[in-house]
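Chain by chain, the residues run as shown.
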Amino acid sequence: TTAALFPDSFEESELGLVPKGWSYVSLKEVTSIFDSQRVPLAGQERAKRKGTYPYYGAAALMDWVDDYLFDGIYLLTGEDGSVADPLGYPITQYVWGRLWVNNHAHILKAKEPHLTKILIHYFAQLDLTPYLTGAVQPKLNKATLSKIPLYLPSSTAEQKAIASVLSSLDDKIDLLHRQNKTLEAMAETLFRQWFIEEAKEDWEEVPLSEVAVIQNGYAFSSKDYVEKTVNEYEVLKMGHIDKNATLKLNPKRDYVPRKPELKRFVLNYND
């Protein structure tokens, strides 16, 4: 629709109609990759070096240590193991300040500060599947990562303008998340007041089994797990649940075939 309204602003490319003045660049052209400065610390060593600096792995903050390797704003993306989600999108972390990164994550820093925000959003939309190797454990090596193409405006001013809009949207998203937490706390307070503190004398106390269906999950073993293709069930385990009773964003994922006998164990929307 935009191209139809402003035909002089677009041109044909291998992607179809794209804005004029935009071109392909490789990731290597617009970022610095600091993989050579990574240092892994085993769990036993980290236990002896507890401190205030975050220690990051391929998909998450893993620990806190007594020293740092990097100081700045970086984009982390997995090299092996937790590289992409089931849909093929990269598992990334936007990190800043003084920090330590192990050898399972690539460490990227945009060569222009305004490009960092564009990189983060670009990776969020990138299908990483064509760039992965490894039959059992997916891997994204540095050479392949460096060649990933980005489609960017050649104008620095336009890049800055796009980054500014993206930053404003991220600020709004962060505000909404904080508002949601406030509303959840209010709902919890009201629930406690109405159903616990001010429960009426004529209210009836019943066992949970009268108002809810309770069943155990299926007892999978490791031999039940298969490689993911397109039609498997993802298995939800205790390890997927975070300390704050929410689901972890990028847990270790296991899959099983869609067998009829598993149907009653499937979680559906709103369960």
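Coordinates for the structure precede this section.
So, here is what we can say about the structure in this document. Keep in mind the model is a prediction, meaning the values are calculated, not measured. (Residues numbered from 1 in each chain as written. Predicted model: local features only at pLDDT ≥ 70, side-chain atom pairs only at ≥ 80, totals over all residues. Heavy atoms only, no water.)

### Examining the overall build of the protein
Counting its secondary structure elements, the protein contains 6 helices and 12 strands. What you see for the protein is a C-alpha radius of gyration of 24 Å, clearly larger than the 18 Å of a compact globule of 271 residues, by over 25%. Referenced to the eigenvectors of the C-alpha coordinate spread, the extents of the protein come out at roughly 70 × 55 × 45 Å. Buried positions account for 27% of the 271 residues belonging to the protein. Counted over contacts in the protein with a minimum sequence separation of 6, partners at least 24 positions apart contribute 65%. As presented, the protein carries roughly 18,600 Å² of accessible surface, and 55% of it is formed by carbon and sulfur atoms. In the protein, 31 side chains carry a positive charge and 37 a negative one; their mean positions are 7 Å apart. (Helix = DSSP H or I, 4+ residues; strand = E, 2+ residues; numbered from the N terminus. Rg over C-alpha atoms; globule rule 2.2 N^0.38 Å. Buried < 20%, exposed > 50% of the residue type's maximum accessible area, 1.4 Å probe, protein only. Contact = heavy atoms within 4.5 Å. Areas by Shrake-Rupley, 256 points an atom, 1.4 Å probe, with all protein chains shown as cover. Lys, Arg positive; Asp, Glu negative; His and termini not counted. Charge placed at Lys NZ, Arg CZ, Asp CG, Glu CD.)

### Some words on the pairing of strand E6 (residues 61–65)
Each regular strand shows side chains that alternate between the opposite faces of the sheet. Looking at chain direction, strand E5 (residues 50–56) and E6 are connected through 5 bridges and run antiparallel. From the neighbouring strand, Tyr 55 faces E6, where its bridge partner is Asp 63. Linkage of E5 to E6, two consecutive antiparallel strands, is achieved through a turn of 4 residues. (Pairing = 2+ DSSP bridges.)

### Some words on the side chain of Glu 232
Assignment of secondary structure puts Glu 232 in the loop between helix H6 (156–197) and strand E11 (233–234). Despite its burial, Glu 232 pairs with no opposite charge; the closest candidate is Lys 228, at 4.9 Å N-O. A distance of 3.4 Å separates a polar atom in the side chain of Glu 232 from the backbone nitrogen of Val 230. Among all residues touching Glu 232, those that are not within four sequence positions of it are Val 226, Glu 227, Tyr 255, Val 256, Pro 257 and Arg 258. (Salt bridge = Lys/Arg side-chain N within 4 Å of Asp/Glu carboxyl O. Polar contact = N/O pair within 3.5 Å; in protein donor to acceptor, adjacent residues only side chain to side chain.)

### Observations regarding the sheet that holds strand E9 (residues 105–110)
With mixed pairing, the 6 strands of this open sheet are ordered in space as E4-E9-E7-E8-E5-E6. Across the chains shown, the open sheet's two edge strands, defined by having one partner strand only, are strand E4 (31–33) and E6. Recorded for the sheet is a direction-independent mean angle of 35 degrees between the axes of neighbouring strands. The pairing of E5 with strand E8 (residues 92–101) spans 2 bridges and is classified as parallel. Within E8, the residue paired with Tyr 56 across the bridge is Val 101. (Axes fitted to C-alpha atoms, helices over the stretch in contact; angles between N-to-C directions.)

### Let's talk about the packing of aromatic side chains
For the structure on display, the rule yields 10 aromatic pairs. For the pair Phe 191 and Phe 195, a centre-to-centre distance of 4.7 Å together with 25 degrees between the ring planes defines the contact as stacked. In this pair, Phe 191 and Phe 195 both sit in helix H6, 4 residues apart, roughly one turn of the helix. For Phe 191, a relative accessible area of 48% puts it in the partly exposed group. Overall, Phe 195 belongs to the partly exposed group, its relative accessible area being 45%. Members of the aromatic cluster, joined through ring pairs, are Trp 22, Tyr 24 and Tyr 151. (Phe/Tyr/Trp six-rings, centres within 6.5 Å; stacked < 30°, edge-to-face > 60°.)

### Observations regarding the pattern of salt bridges
Applying the stated criterion across every chain yields a total of 13 salt bridges. Two residues, Asp 63 and Lys 50, come together in a salt bridge whose shortest N-O distance is 2.6 Å. A residue pair is termed long-range when its members are at least 10 positions apart, and Asp 63 in strand E6 and Lys 50 in strand E5 qualify at 13 residues. In this structure Asp 63 comes out as buried when scored by relative accessible area, which is 11%. For Glu 234, the salt bridge is made with Arg 253, and the minimal N-O distance between the two is 2.8 Å. Taken together, the residues span a long stretch of sequence, with Glu 234 in strand E11 and Arg 253 in the loop between E11 and strand E12 (255–256) at a distance of 19 residues. Glu 234 gets classed as partly exposed once you look at its relative accessible area, which sits at 36%. When salt bridges that share partners are traced, they join Asp 35, Arg 38, Glu 79, Asp 80 and Lys 139 into one network.

### Structural notes on H6
Taking 1.5 Å per residue as the helical rise, H6 with its 42 residues ought to reach 62 Å, and the 60 Å between its terminal C-alpha atoms agrees with that figure. In this fold, the buried residues of H6 make contact with helix H4 (115–124) and strand E10 (149–153). The opening residue of H6, the one whose side-chain oxygen lies 3.3 Å from the backbone nitrogen of Ala 157, is Ser 155. (Expected span 1.5 Å × (residues − 1).)

It is worth stressing that arrangement in space is one thing and function is another; only the former is reported here.
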